[in-house]
Amino acid sequence: MAVILAGGMSRRLGGVPKAGLLLEGQTLLARTVDGAMAAIGQGFTQPTTAGGGVRAGARIAVVGPVDKTRDWIRGARSHGQVMFVQEDPPYSGPAAGIAAGLAALAAQALPALDADTDAGPVLVLACDMPRASEIAALLVDALADCEVGSGIMAVDNGRKQPLAGIYPLAALNAAVDAARQAGKLQDASVFSLLASVFIKECVVPVGLSTDIDTWQDARAQGIDAWPAEAEGQ
């Protein structure tokens, strides 16, 4: 299963949502959903016994403004496997978004969330990385060499990318609960949320995890921004 974050304010894009930007005929959100579903299709697992494994459920929670994310996902090949949720309060940061996504998945009573499979992994991705599918595939491969209870995070040119990782569900849920009880979930950094989670690094090719923060970034990635006039140039 996966949580995809699509609820940022996009201030450096003048408020134009990153999730709705177009690349090769697909929105960034649709591309990320397809990448996440492909990773889930690879069956990323971690062994729980000498001869067994734990498989994540083939479901995705997209976190962001629900009315808009439903539209932005229309071009995804696997949108039927997606549920939509907004963090509360809206735009309260990526840590709160992860918490909302996990809660939405848990509310579906997915097999991957029952007591016997709570050690399974969850893929976490931001929606503003045009090459998210390639990153997810590398993370799945790297996870195969990790011990039970550990996660894997992408590292690009020495820069850690916490919103490109696969994390152990039990540890991530525990971290979310601890942050909520301490009143430190809203507007918290993902690094602070993950501080108690054992994570290994997955070095990816330089530039693979480049995200879209500015119009210069968008142009460099070949994005046809929507709406076109929003750039003001």
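None of the values given here were measured: they were computed from a predicted structure. (Residues numbered from 1 in each chain as written. Predicted model: local features only at pLDDT ≥ 70, side-chain atom pairs only at ≥ 80, totals over all residues. Heavy atoms only, no water.)

Undergrad: Tell me about the environment of Ile 98, and please be specific about residues and values.
TA: Counting through the fold element by element, Ile 98 comes out in helix α3 (residues 94-107). By relative accessible area, Ile 98 is classed as buried at 1%. Along the backbone, Ile 98 and Val 190 are 92 residues apart, and their C-alpha atoms lie at a distance of 8.7 Å. Those residues in contact with Ile 98, other than ones at most four positions away along the chain, are Val 3, Leu 5, Val 124, Leu 163, Leu 172, Val 190 and Leu 193. (Helix = DSSP H or I, 4+ residues; strand = E, 2+ residues; numbered from the N terminus. Buried < 20%, exposed > 50% of the residue type's maximum accessible area, 1.4 Å probe, protein only. Contact = heavy atoms within 4.5 Å.)

Undergrad: Help me get a handle on the sheet that holds strand β8 (residues 121-126), residues and values and all.
TA: Spatial strand order, β7-β6-β1-β8-β10-β9-β11: seven strands in an open sheet with mixed pairing. In this open sheet, the two strands that pair with only one neighbour each are β7 (82-85) and β11 (199-204). Strand-to-strand twist of the sheet, defined as the mean angle between neighbouring strand axes without regard to direction, takes the value 25°. For strand β9 (residues 151-156) and β11, the ladder comprises six bridges, and the chain directions are parallel. The residue of β11 that forms the bridge with Ala 154 is Cys 202. The sheet strands contacting helix α5 (residues 169-181) are β8 and β10 (159-168), and the helix crosses β10 at an angle near 110°. (Pairing = 2+ DSSP bridges. Axes fitted to C-alpha atoms, helices over the stretch in contact; angles between N-to-C directions.)

Undergrad: Describe the layout of surface pockets, listing the residues and the values that go with them.
TA: The space that makes up the largest pocket amounts to roughly 910 Å³. Forming the walls of the largest pocket are 35 residues, and the residues nearest its centre are Gly 8, Met 9, Lys 18, Asp 128 and Leu 163. Those elements that provide at least two residues to the lining of the largest pocket are α2 (66-72), α3, β10 and α6 (190-193). Here the lining of the largest pocket is composed, by residue class, of 17 nonpolar, eight polar and ten charged. (1 Å grid on protein atoms, 1.4 Å probe; cavity = no way out; pocket = protein on both sides within 12 Å on 5 of 7 lines; lining within 4 Å. Points joined across faces, edges and corners; volume = space filled by probe spheres on them. Nonpolar A, V, L, I, M, F, W, Y, C, P; charged D, E, K, R; others polar.)

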